[in-house]
Amino acid sequence: MEQAQPGSLMHPAVAPLAYLLGTWRGQGEGYYPTIISFSYTEELQFTHPNPRKPVISYAQKTWRSAGGPGAEPMHAESGFWRLKPDGSVEVVIAQSTGLVEVQKGTHDHEDKVIRLQSELVGNASKVKEISREFRLVNGELSYEVQMATNSTSLQPHLKAVFKKI
Ligand code: HEM
């Protein structure tokens, strides 16, 4: 694996995903066949603390409706995005519900699309599978999260769009 040059601020494996770095604020919608739909505000943060490691730190928090900080907190999660020598991406996430995920997937450097599929979902009472897709379009970041539970096949649970702040 290529090593970061002394004094450089970014590991070379992180460079294709540098557009993620920073803090994003946006609005999301949640739905699923078994629940009442809801809307939320979300803040997403991607940082790259150590240029010698091909790792991006990830933290997400949400608030009910369009409230933002000060409104009722909802789901939160955090983890690490690890860029692998073969160009793939591995993401580990711990959710505030206690659920943990190991996601593996790809990033398309040209189209700025990241597609992740759970390899492991742990400590979950209902969730069997999770997929996450991130996309950068015209400077806006968006994602779609799908999940499968023990009673429902893989289908959308969350969709959100962000601007960098
Ligand atoms: C419901 C999982 C993210 C808010 C659910 C349910 C599951 C689930 C299993 C129950 C579905 C059922 O009973 O059939 C997940 C997973 C997530 C995630 C795996 C991330 C990958 C979020 C986020 C929010 C959220 C980010 C809020 C912004 C809700 C709400 C409900 C719900 C409000 C319905 C009420 C409830 O059952 O508590 N979620 N969720 N979820 N989720 Fe999520």
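Residues numbered from 1 in each chain as written. Predicted model: local features only at pLDDT ≥ 70, side-chain atom pairs only at ≥ 80, totals over all residues. Heavy atoms only, no water.

Visitor: Quick question: what am I supposed to make of the overall build of the protein chain here?
Guide: Assigned secondary structure in the protein chain consists of zero helices and ten strands. In the protein chain, the succession of helices and strands from N to C terminus is β-β-β-β-β-β-β-β-β-β. Along the three orthogonal principal directions, the C-alpha set of the protein chain runs to about 50 × 35 × 30 Å. Out of the 165 residues in the protein chain, the part that is buried amounts to 39%. Relative to all contacts within the protein chain whose residues are 6 or more apart in sequence, the contacts with residues 24 or more apart total 38%. Carbon and sulfur atoms make up 53% of the accessible area of the protein chain, which totals about 8,800 Å². Side-chain charges of the protein chain comprise 17 positive and 17 negative groups, with the mean position of each set lying 4 Å from the other. (Helix = DSSP H or I, 4+ residues; strand = E, 2+ residues; numbered from the N terminus. Buried < 20%, exposed > 50% of the residue type's maximum accessible area, 1.4 Å probe, protein only. Contact = heavy atoms within 4.5 Å. Areas by Shrake-Rupley, 256 points an atom, 1.4 Å probe, with all protein chains shown as cover. Lys, Arg positive; Asp, Glu negative; His and termini not counted. Charge placed at Lys NZ, Arg CZ, Asp CG, Glu CD.)

Visitor: I would appreciate a short explanation of the pattern of salt bridges in the present structure.
Guide: For side chains bearing opposite charge, pairing can occur when the charged atoms are close. In total, this model carries eleven salt bridges according to the counting rule given. With a closest N to O distance of 3.7 Å, glutamate 90 and lysine 104 form a salt bridge. Here glutamate 90, found in strand E5 (residues 89-95), pairs with lysine 104, found in strand E6 (residues 100-108); they are 14 residues apart in sequence, far enough to count as distant. Judged by relative accessible area, glutamate 90 falls into the buried class, the value being 13%. We note a salt bridge from lysine 163 to glutamate 140, for which the minimum N-O separation is 2.5 Å. Of this pair, lysine 163 sits in strand E10 (residues 155-164) while glutamate 140 sits in strand E9 (residues 140-149), placing them 23 residues apart in sequence. For glutamate 140, a relative accessible area of 28% corresponds to the partly exposed category. (Salt bridge = Lys/Arg side-chain N within 4 Å of Asp/Glu carboxyl O.)

Honestly, it's all geometry; don't read function into it.
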